[in-house]
Amino acid sequence: MHKRLAWYEQVCLDARPAKYRLARRVTCNVDLGGAPDQVLWREHWHLSERARTLREEFDSGTRDLADLPLARPSFVDLKVELLSRTIRYCTFCEWRCKVDRVSATKKGACKLDSTSRVSTWFLHFGEEPPLVGRGGSGTIFFGSCNFRCVFCQNWDISQDPTSGAPIDPRQLALVMKNLRAEGASNVNFVGGEPTPNLQTIVQAMNQLDINVPMLWNSNMYCSEESMQIIADLIDIWLPDFKYGNDKCAIRLSKVPRYFEVVSRNHQFAHSNGDIIIRHLVLPNHIECCTKPVLSWISDHCPRALVNIMGQYHPDNRVPAEGSKYSDITRRPTREEMQAAYEYADELGLVYAPVS
């Protein structure tokens, strides 16, 4: 295990409690049903500081989970309440559609109502070795996405909001528990994209009391509010940093304000836990995307491990619409990958171990 993943490793080995378990032991001191939103968010800020202090106490060996009973109501109960309100004018991600996903009279960018859908879950041995361990990563694939990547390799689930089977928080908690019992090193929320399913994910954590690291595997287009919600619950971040500029993001993923939003969220994640940043090298995008992304990581996320990924291949709309996307109709060349690695070496970036 890598020294930069020290907290994650300790949770994997049951030497430290997962962050969500600590958050369930931090007492909320406001009326969840009656308090206005601004009061709940003010309390959230205070409890986040309390949870951070508690984690530091566990890191120093001065605390024992057995001495901390479950709180009623807890910090996680507060998060559940905030999410149950927010989903009625949804701002889970930076599209900020503000649609009422409960009544579902109108759909937002993710095209989802308030029901989460999962296409599959399994022990995944194809992730980075620190995340696989001996038992695999307990990967849960949620349907739908808030991006429209023309080259998406999971397009069959990411672009279809009806893909997968409906799942409620109790069922999701059972899936998480079973994955850990089968040997999973972590619970890996992925998709599609997990962000539109925050209400189900956090409620499931609130019904779970096994020790397992929570892993956020995301395109990182979360809103600031969503990042604040999950920062106290996620033990290790596995974010994707695709583009070095907004022009490429608009053209290839149909998403605005990409660099501003995703860089902000990477920096926030970096300050709130262990992190492995993935960058998928696109052919003909070394200068416009790969180098700016790696340079930004070097300047703003010095503790991050980096996985420079070379497995891009044309998929989804690219083969059929190749004339529109002629720059990405092939795999990256050996020379392009070498250029990416050499630039990372110049910057002094530290690679995540890969299989």
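Preceding this section is the structure that the text describes.
Below: a short report on this structure.

Here is what the cut-offs are and how they apply
Residues numbered from 1 in each chain as written. Predicted model: local features only at pLDDT ≥ 70, side-chain atom pairs only at ≥ 80, totals over all residues. Heavy atoms only, no water. Helix = DSSP H or I, 4+ residues; strand = E, 2+ residues; numbered from the N terminus. Buried < 20%, exposed > 50% of the residue type's maximum accessible area, 1.4 Å probe, protein only. Contact = heavy atoms within 4.5 Å. Core = buried A, V, L, I, M, F, W, Y, C linked by side-chain atoms within 4.5 Å. Disulfide = S-S within 2.5 Å. Pairing = 2+ DSSP bridges. Right-handed = clockwise from strand over helix to strand, strands pointing away. Axes fitted to C-alpha atoms, helices over the stretch in contact; angles between N-to-C directions.

Further remarks concern the side chain of Arg21. The residue Arg21 is located in helix α2 (residues 19-23) in this model. The class for Arg21 is buried, based on a relative accessible area of 13%. Once you skip the residues sitting within four places of it in the chain, Arg21 turns out to touch Leu65, Asp209, Ile210 and Asn211.

For the rest of this paragraph, the subject is the nonpolar core. The nonpolar side chains of soluble globular proteins are, as a tendency, buried together. Judged by nonpolar contacts, the single largest core of 101 residues is most densely connected at Ile140, Phe151, Met176, Phe189, Met214, Trp216 and Trp237. With residues up to four places along the chain from it excluded, the contact list for Phe189 reads Ile140, Phe142, Met176, Pro194, Ile201, Met205, Met214, Leu215, Trp216 and Asn217.

What follows concerns the environment of Leu123. When you line up the elements, Leu123 lands in strand β1 (residues 116-124). Along the primary structure Leu123 and Thr53 are separated by 70 residues, whereas in three dimensions their C-alpha atoms are 33 Å apart. When neighbours within four sequence positions are excluded, Leu123 is seen to be in contact with Gly135, Ser137, Gly138, Leu179, Glu182 and Ala184.

Let us now look at the state of the cysteines. Scanning all chains against the criterion turns up zero disulfides. Note on Cys110: no disulfide assigned, nearest cysteine sulfur contributed by Cys90 at a separation of 6.1 Å. Residue classification places Cys110 among the buried positions, given a relative accessible area of 8%. Free of any disulfide, Cys152 has its nearest cysteine sulfur in Cys149, 6.0 Å distant.

So, on to the pairing of strand β6 (residues 236-239). Consecutive side chains along a regular strand alternate between the two faces of the sheet. Burial along β6 is two-sided: the face carrying Ile236 and Leu238 and the face carrying Trp237 and Pro239 are both buried. Bridge count for strand β5 (residues 214-218) against β6 is four bridges, and the pairing is parallel. Across the sheet, the residue bridging to Leu215 is Ile236, located in β6. After leaving β5, the chain enters helix α9 (residues 224-231) and then returns to the sheet as β6, a path that is right-handed. In terms of strand pairing, β6 meets strand β7 (residues 274-280) through two bridges, oriented parallel. Its bridge partner being in β7, Ile236 is matched across the sheet by Asp274.

Another aspect to go through is the sheet that holds β7. A sheet is described by the order of its strands in space; here nine strands give the open sequence β3-β1-β2-β4-β5-β6-β7-β8-β9, paired in mixed fashion. With partners counted over all chains shown, the strands left at the sheet margins are β3 (165-167) and β9 (350-351), one partner each. Bridge count for β1 against strand β2 (residues 137-142) is six bridges, and the pairing is antiparallel. Paired with Thr120 across the bridge in β2 is Phe141. Sheet strands touched by helix α13 (residues 334-347): β8 (305-309) and β9. Its angle to β8, the strand with the most contacts, is close to 165°.

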